[in-house]
Amino acid sequence: MTAVVRATAADAAVTEAVVAAAFAGYVPRIGRPPAPMTADYPALIAAGHVWLGADPDPVGVLVLVPMPDHLLLDTVAVHPAAQGRGVGAALLRFAEERARALGLPEIRLYTNAAMHENLAYYPRRGYRETRRATEAGFHRVYYTKEL
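Below is a short write-up of the structure.

### Brief notes about unusual backbone geometry
Okay, so step 1: The amide bond that connects Asp-55 to the next residue, Pro-56, takes the cis arrangement and shows omega of -10°.
Okay, so step 2: You can see Pro-56 is positioned in the loop between strand S2 (50-54) and strand S3 (58-66).
Okay, so step 3: Phi angles above zero are rare outside glycine, and Ala-136 is one such case at about 50°.
Okay, so step 4: In this structure, Ala-136 sits in the loop between strand S6 (128-135) and strand S7 (138-146).

Here's what the structure looks like:
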């Protein structure tokens, strides 16, 4: 069972390592590191936006940013060694619980169009595609899930 806990400043290095491992395989498809690989995790942790999925060691990262009318699921990453064990599903469940606890009616996220696995994964979990756009040089697919 995956426990989800808020990351602390001491977790910055493990957060970066999990994200790097989770997204490394996408670099050749995209032609550069995906946005989560270049994020400022110490700042995101200090803002209280980073959560870790532990099984029992940290193997998942979740970045949740509350907005006025939704919860932005900015990053979800699972270390390749832990994929297929339900960590991603546990992180998505936690995001839904967090949104409800904050009184937010929906979760929004985006993924890179080159991440074909995600384009199938999110709809299976109740997310619906809302638009596609190019931002910061990335081809993004946007999803929302009403709670």
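From this point, things continue past the structure.
### Description of the side chain of Glu-96
Okay, so step 1: Of note, Glu-96 is situated in helix H4 (residues 87-101).
Okay, so step 2: Assessed through its relative accessible area of 13%, Glu-96 is described here as buried.
Okay, so step 3: Ignoring any residue separated from it by four or fewer positions in sequence, one finds Glu-96 in contact with Ile-107, Tyr-127, Lys-145 and Leu-147.

### Examining the packing of aromatic side chains
Okay, so step 1: Here the structure, examined in full by the defined rule, presents six aromatic pairs.
Okay, so step 2: Seen in terms of ring centroids, Tyr-110 and Tyr-142 are 5.4 Å apart; in terms of plane orientation they differ by 45°. Their pairing is tilted. Of this pair, Tyr-110 sits in strand S5 (residues 106-112) while Tyr-142 is found in strand S7, placing the two residues 32 residues apart along the sequence.
Okay, so step 3: Ring geometry for Tyr-122 and Tyr-127: centres 5.7 Å apart, planes at 70°, overall edge-to-face. Accessibility classification places Tyr-122 together with Tyr-127 in one group, the buried group.
Okay, so step 4: Feature note: the residues Tyr-121, Tyr-122, Tyr-127 and Tyr-143 constitute an aromatic cluster, connected by ring pairs.
Okay, so step 5: For Arg-32, the ring lying beneath its charged end belongs to Phe-138, and the centroid distance is 3.8 Å.
Okay, so step 6: In this arrangement the basic side chain of Arg-131 is found over the ring face of Tyr-142, its NZ or CZ atom lying 3.9 Å from the centre.

Definitions and limits used
Residues numbered from 1 in each chain as written. Predicted model: local features only at pLDDT ≥ 70, side-chain atom pairs only at ≥ 80, totals over all residues. Heavy atoms only, no water. Helix = DSSP H or I, 4+ residues; strand = E, 2+ residues; numbered from the N terminus. Buried < 20%, exposed > 50% of the residue type's maximum accessible area, 1.4 Å probe, protein only. Contact = heavy atoms within 4.5 Å. Phe/Tyr/Trp six-rings, centres within 6.5 Å; stacked < 30°, edge-to-face > 60°. Lys NZ or Arg CZ within 6 Å of the ring centre and 35° of its normal.

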